[in-house]
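Structural overview
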Amino acid sequence: MTREKDTTSVMAANIPPIDRSSVVLKKSGISDELRIERIIKKITTRHPDVIFFLEEDQAIFPRIVDRLSQKYRFYYPQGFNRSWYAAVVVAVRRTANCQKTSDGTGIVSKSGKWRILDVNGITMLGVHFPQPNDPTYADFSKKVVAVAEEGNADLIIGDFNPRRGESIHLPNFQSILPDRSTSLFGNQLDYIFVRNGRAFQNERIDDGCMTPREELFSDHAIIEVDL
């Protein structure tokens, strides 16, 4: 897969706590050390410019930050603390130009979060939706659409947590990933939306990290795109 020199690569990754993950991950017996090594290998192999971490296992996330901090700056939500496991934390490559960043943690629901930032002139919105049975789900969805329009976002990426069998559609954006499961729960939970007419390439679902005994470290696939 070839990247153009002037593109910006964006990745979204879920690193869930083992006790809040799928049965496959819970029963895998994987050690913290092996998870960390596999996560770092995935990131350093792909070397994205921006990583949206949508869930963070606090047993290992600080060590992941330490390993990546020479190459990436980390942006945390307001009031971030170790008890959170589903914030939207963003890592931006130090060579990239990050102009602004703001978050909506707690605006609608403590379980629904977003972060918007401008990297290399591209406005990106990372999201982690509430569970579909959360009464604030619909309100959070409306807020995401409003924030995307107010900020003139080029990209929306993240964990949308739709009900099983449902697909997500957003006005003025196209969904660019194949219609297939992105999780060990057998459902497409993760999406990348690009504004209509915006150029992109190399959109990708990497489900190797969900494969037992091979690269397993998450119950969500890695999703990526170059803009």
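Scroll up a little and you will see the structure.
So, how was this worked out
- Residues numbered from 1 in each chain as written.
- Predicted model: local features only at pLDDT ≥ 70, side-chain atom pairs only at ≥ 80, totals over all residues.
- Heavy atoms only, no water.
- Helix = DSSP H or I, 4+ residues; strand = E, 2+ residues; numbered from the N terminus.
- Salt bridge = Lys/Arg side-chain N within 4 Å of Asp/Glu carboxyl O.
- Core = buried A, V, L, I, M, F, W, Y, C linked by side-chain atoms within 4.5 Å.
- Buried < 20%, exposed > 50% of the residue type's maximum accessible area, 1.4 Å probe, protein only.
- Contact = heavy atoms within 4.5 Å.
- Pairing = 2+ DSSP bridges.
- Axes fitted to C-alpha atoms, helices over the stretch in contact; angles between N-to-C directions.

1. As for the environment of V127
Mapped onto the elements of the fold, V127 is located in strand β7 (residues 122-128). C-alpha separation for the pair V127 and F52, spaced 75 residues apart in sequence, amounts to 8.7 Å.

2. Here we look at the pattern of salt bridges
Under the defined criterion, the tally for this structure stands at 11 salt bridges. The closest approach of N and O atoms between D206 and R204, which form a salt bridge, is 3.5 Å. Each of K42, R46, R204, D206, E215 and E224 takes part in a single network of salt bridges with overlapping partners.

3. Examining the nonpolar core
Ranked by internal contacts, the top residues of the largest apolar core, which has 47 residues, are F52 and F53. Beyond its immediate chain neighbours, meaning those up to four positions away, F53 contacts A13, I15, I43, F61, L68, F74, A87, V88, V89 and A91. By size, the runner-up hydrophobic cluster in this structure holds 18 residues, among which are V127, F140, V147 and Y191.

4. Concerning the sheet that holds strand β11 (residues 201-206)
By definition, the strands of a sheet pair up through backbone hydrogen bonds, in either a parallel or an antiparallel sense. Ordered in space as β3-β4-β2-β1-β12-β11, the 6 strands form an open sheet in which the pairing is mixed. Among the strands making up the open sheet, the edge pair consists of β3 (72-75) and β11. Neighbour to neighbour, the strand axes of the sheet diverge by 15 degrees on average, direction disregarded. The sheet contact formed by β11 and strand β12 (residues 222-226) spans 4 bridges and is antiparallel. For Q201, the partnering residue across the bridge sits in β12 and is D226. Where helix α2 (residues 32-46) meets the sheet, it contacts β1 (9-15), β2 (50-56), β3, β11 and β12, and its direction lies at approximately 170 degrees from that of β1. Seen against the sheet, helix α3 (residues 61-68) touches β1, β2, β3 and β4 (89-93) and runs at an angle of roughly 145 degrees to β3.

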